[in-house]
Amino acid sequence: MSSKQSISILGCGWLGLPLAKSFISDGVTVRGSTTSPAKLPELRSAGIEPYLVQFSDAEVPPQLPDFLNSSLLIILVPPGRDPLKQENYFHLLNGLTAEIDKSSISKIIFISSTSVYGETNEMFSENDNPSTDTETGRRMLAAEEIISTVRNAAVYTVRLAGLIGPGRHPGRFFAGRQEVPNGLAPVNLIHQADAVGLIRKLAAEDHAPGIFNGCAPDHPARQDFYVRAARVLGVQVPVFRPEMTSWKIVRGDKVRDELGYAFRYPDLMECLQAGVL
């Protein structure tokens with residue numbers, strides 16, 4: 001996108017902060033939000049125009065109109081697990097959609113999750129209907145539905161697989177555990193760098209709005225991947241049951257065919273050895 005344009009990133013956390021920095025390095029003005037007052041100086045020192053946008057049952061945060069003074073909005077805030085936070089999250093999304101329709105926002109990239117696809121022993125592409133079997137998946141589908149009601153902006157929904165990268169080494173996920181079920185099931189993951197790259201690709205180019213799955217094309221078995229991850233990290237290896245009771249494979253057909261996105265880390269086993277975690 002042009003350096004003369006500006007973007008707003010709702011949620012400058014583990015993924016949103018490096019995403020914001022990548023845009024800033026291109027000369028793009030970035031407005032970024034956090035729910036923590038203590039994090040405002042960190043955003044400012046990174047070159048981000050910081051905004052405190054907290055989840056509450058109050059009226060729409062007064063900072064929103066100014067925060068939305070951009071052409072592109074990227075929403076990177078998950079519902080969370082706490083019931084009160086979930087209620088406030090959906091309250092914010094409903095208020096946000098109303099404010100968007102009064103703002104200069106013309107394009108929205110909403111970050112969802114592949115949890116909307118259930119472990120139903122099948123492959124899912126962007127053209128398949130979600131069949132979630134978890135509360136997390138149902139919350140994400142509800143959030144997608146709210147954002148889809150925006151009238152004056154094109155909505156791009158990116159369903160990201162499990163995120164790995166700096167500070168999220170998969171070797172820690174099951175370290176030392178015994179009798180971990182479903183060891184032969186395929187994994188669905190994406191490196192932080194590819195999540196950033198995919199979002200930037202959608203931001204920079206004009207494509208038809210819709211659903212895009214962000215998942216590495218490689219799907220090794222859980223036991224193979226997490227045992228090697230533990231060995232690379234130097235922690236106690238987990239022991240999996242050699243079974244595949246439930247699974248899914250998330251394919252990014254549109255990411256490949258429509259966006260032409262080339263993954264930096266398509267091979268997850270090689271990613272473990274590359275020293276990028």
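Quick notes on the rules
Residues numbered from 1 in each chain as written. Predicted model: local features only at pLDDT ≥ 70, side-chain atom pairs only at ≥ 80, totals over all residues. Heavy atoms only, no water. Helix = DSSP H or I, 4+ residues; strand = E, 2+ residues; numbered from the N terminus. Areas by Shrake-Rupley, 256 points an atom, 1.4 Å probe, with all protein chains shown as cover. Lys, Arg positive; Asp, Glu negative; His and termini not counted. Charge placed at Lys NZ, Arg CZ, Asp CG, Glu CD. Buried < 20%, exposed > 50% of the residue type's maximum accessible area, 1.4 Å probe, protein only. Pairing = 2+ DSSP bridges. Core = buried A, V, L, I, M, F, W, Y, C linked by side-chain atoms within 4.5 Å. Contact = heavy atoms within 4.5 Å.

Draft legend 1. Looking closely at the overall build of the protein chain. A count of helices and strands for the protein chain gives nine helices and eleven strands. Seen through its C-alpha atoms, the protein chain measures out along the principal axes to roughly 55 × 40 × 35 Å. Put simply, the protein chain shows about 12,300 Å² of open surface, and 49% of that area lies on carbon and sulfur atoms. Positive and negative charge centroids in the protein chain, built from 27 and 30 side chains respectively, lie 5 Å apart.

Draft legend 2. Summary view of the pairing of strand β1 (residues 6-10). Extensive coverage of β1 is indicated by the burial of five of its five residues. Of the two faces of β1, the one lined by S6, S8 and L10 and the one lined by I7 and I9 are each fully buried. As paired strands, β1 and strand β4 (residues 72-75) are joined by four bridges and run parallel to one another. Residue pairing for β4: I9 is matched across the bridge by I74.

Draft legend 3. Representation of the nonpolar core. Grouped together as the largest cluster of nonpolar side chains are 64 residues, with contacts concentrated most on I9, L73, I74, I108 and I109. Discounting chain neighbours no more than four positions away, the residues touching I108 are L72, L73, I75, I100, I147, V150, A153, A154, V155 and Y156. By size, the runner-up hydrophobic cluster in this structure holds 14 residues, among which are V187, L189, L268 and M269.

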